Structure formats: C-alpha cells, structure tokens
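Geometric and topological summary
Here's the letter readout for the chains.
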Amino acid sequence: MPILTGSDPTTGRALRGAILVEGPSDKIALETLARRRGRDLADEAVAVIEMGGVTNIGRHLEQLGNRGIRLAGLCDLGDVEIVMSRLRAAGPGSPDSIDQLEGLGFYVCRIDLEDELVRALGPERVLQVFERDGRLHKFRTFQTQVEKRLLPLEVQLWDYLTNWKIHYAGLFVEALDLDQVPRPLDGVLSQV
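The following refers to the structure shown.

Analysis parameters
- Residue positions are given per chain, counted from 1 along the sequence in the order it is written.
- Totals for whole chains, interfaces and linings use every residue, but because this is a predicted model, local features are given only for residues with pLDDT of at least 70 and side-chain atom pairs only at 80 or more, for both listing and counting.
- Each side-chain value is derived from all of the structure's non-hydrogen atoms; neither hydrogens nor water enter the calculation.
- We call Phe, Tyr and Trp rings a pair once their centres come within 6.5 Å, taking the six-membered ring for Trp, and we label the pair stacked below 30 degrees between planes, edge-to-face above 60, and tilted otherwise.
- Burial status follows relative accessibility: with a 1.4 Å probe on protein chains alone, a residue under 20% of its type maximum counts as buried, one over 50% as exposed, and anything between as partly exposed.
- For helices, the fitted axis covers only the stretch in contact; all axes are lines through C-alpha atoms, and the angles between them, taken along N-to-C directions, range from 0 to 180 degrees.
- Secondary structure elements follow DSSP: runs of H or I no shorter than four residues count as helices, runs of E no shorter than two count as strands, and numbering proceeds from the N terminus.
- Each angle gets one of four labels, with under 35 degrees taken as roughly parallel, over 145 as roughly antiparallel, 65 to 115 as roughly perpendicular, and the rest as oblique.
- Handedness of each helix crossing follows the sense of rotation of the near helix against the far helix: counterclockwise by less than a right angle gives left-handed, clockwise gives right-handed.
- Any two residues having at least one pair of non-hydrogen atoms within 4.5 Å are treated as being in contact.
- Residues are grouped as follows: Ala, Val, Leu, Ile, Met, Phe, Trp, Tyr, Cys and Pro are nonpolar; Asp, Glu, Lys and Arg are charged; all remaining types, including Gly, are polar.
- Here a strand pair is declared whenever DSSP counts at least two bridges between the two strands.
- Basic side-chain nitrogens of Lys or Arg form a salt bridge, by our definition, when they fall within 4 Å of a carboxyl oxygen of Asp or Glu.

**What about the packing of aromatic side chains?**
- The final tally for this structure, using the stated rule, is ten aromatic pairs.
- Relative to phenylalanine 139, the ring of phenylalanine 130 has its centre 5.5 Å away and its plane inclined at 45°; by these criteria the two rings are tilted.
- By relative accessible area, which is 0% here, phenylalanine 130 ends up buried.
- One aromatic cluster is present, formed by Phe130, Phe139, Phe142, Tyr160, Trp164, Tyr168 and Phe172 through successive ring pairs.

Following this line, the structure appears as structure tokens:
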C-alpha cells in the first residue's frame with residue numbers, strides 16, 4: 001500500500017485533507033456517506049486512506065503530518081491505545097483520552113464500524129438489507145450453527161459481518177436515515 005506524500009495517488013492533485021482508516025470497509029462507508037451528504041471528496045482534495053491495519057498509522061502520520069494536510073481518522077475501540085501512542089510519537093498531539101483523540105479529529109467506534117452500523121440501523125433494517133441483497137438465506141443458515149443459536153440477534157449480525165463487512169459497508173450506509181448516522185462517521189467527515 002503506497003503512502004501518500006501530500007498528493008492524491010489517483011489524481012496527483014495536492015491534498016487539503018486526509019482521513020486515515022484501517023481498511024476498505026471503513027473507506028467505502030465514509031465515501032458513501034460523504035456522497036449522501038452532498039460532498040465530493042475528490043473535488044475537495046480530501047482522500048480516505050486505507051492504512052492496511054491500524055498499526056500502520058505511524059508511517060502515515062509521519063508522511064502526512066508535516067505537509068499542511070488536515071488529518072483525521074477512524075478507529076475501533078480496541079485500537080485506541082495504538083492510535084494515541086502513534087499520535088504522541090508523530091507530534092500532532094498528545095491525547096490521553098477518547099475526548100482528546102476526537103479533539104485531534106480521530107473518532108472511535110464503540111466496538112467497530114460494523115457494530116456502529118448495526119446499532120444505527122437496528123436488526124430489522126439490517127435483515128431487510130440482507131433480503132434486498134438476496135443473501136438473507138445465508139444469514140439464516142449462519143444462525144443455525146450450534147455456537148450461534150443462543151447469541152442475541154445483534155451479536156449474530158455483528159459476527160456474521162466479519163466475513164461480509166466490505167460488501168455491506170456501503171449498502172448499510174445507503175440504508176441509514178441521515179439523522180441516524182453513527183457519530184464517529186459524521187464526526188470524522190466534519191474534520192476535513
């Protein structure tokens with residue numbers, strides 16, 4: 001995965017802002033939400049950058065941090081310590097709490113992006129998305145597994161999405177009412 005050096009690798013244009021995300025599902029969700037909010041990130045010179053895992057954030061901060069680019073990021077709750085330590089090392093700030101992270105433009109999903117989207121949509125709407133996509137039967141088969149049967153529906157949905165998160169990220173954001181968007185998604189977009 002190439003690291004940006006102050007320009008968009010697709011267009012070669014200078015960047016004004018960059019959102020650092022762990023992987024493709026985060027990128028798809030944010031780009032879909034930006035479009036639904038009437039924003040064209042490319043025209044705004046903002047890139048959503050997949051880091052190939054949160055542990056790569058340090059390299060991206062070093063490459064982008066001193067180039068006058070407005071940085072923001074999205075991370076899972078379990079990755080907060082990594083993000084805070086890399087931000088302290090790279091110099092953009094010294095966060096010691098989630099509130100301080102947000103003050104620097106880095107927003108935290110309570111568990112992960114899929115959990116945020118499932119909670120925002122609610123289980124019934126998630127099932128409707130599966131049905132419209134023609135894959136509700138796959139989820140129903142998943143639910144019959146012995147180790148899944150006794151789990152609450154919300155946990156089953158989240159667990160199922162482990163293997164389908166890239167496919168459903170954009171579909172879930174499309175299905176959201178815009179007044180029900182998870183706070184981390186809107187928050188990170190507002191930073192750039």
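There is more to say after this.
**Focus on the packing of helix H7 (residues 136-143) against helix H8 (residues 153-160)**
- Where H7 contacts H8, the two axes come as close as 11 Å, and the packing angle between them is 115°. Between H7 and H8, the interaxial angle falls into the category roughly perpendicular. The way H7 lies across H8 gives a crossing that is right-handed. Residues Lys138, Phe139, Phe142 and Gln143 of H7 form the contact with H8, whose participating residues are Leu153, Gln156, Leu157, Asp159 and Tyr160.
- Its residues assigned to classes, the contact of H7 with H8 comprises five nonpolar, two polar and two charged.

**What to know about the environment of leucine 127**
- Summarising the element assignment, leucine 127 is placed in helix H6 (residues 123-132).
- With relative accessibility at 8%, the residue leucine 127 sits in the buried group.
- Here the alpha-carbon distance between leucine 127 and isoleucine 98, two residues 29 residues apart in the chain, equals 32 Å.

**Comments concerning the pairing of strand S4 (residues 106-109)**
- Alternating positions in S4 separate into two faces, Phe106 and Val108 on one and Tyr107 and Cys109 on the other, with burial throughout.
- Across four bridges, strand S3 (residues 70-76) lies against S4 in parallel orientation. Its bridge partner lying in S4, aspartate 76 is registered against cysteine 109.

**So, the pattern of salt bridges**
- What the rule picks out here adds up to twelve salt bridges.
- Note that arginine 183 and glutamate 102 form a salt bridge whose closest N and O atoms lie 2.8 Å from each other. One end of the pair, arginine 183, is in helix H10 (residues 183-190); the other, glutamate 102, is in helix H4 (residues 98-103), and 81 residues separate them in sequence.
- Taking the relative accessible area as the measure of exposure, glutamate 102 reaches 14% and is therefore buried.
- Here aspartate 133 ties to arginine 135 by a salt bridge, and the two come within 3.7 Å at their closest N and O atoms.
- Residue aspartate 133 is classed as partly exposed on the basis of its relative accessible area, which comes to 25%.

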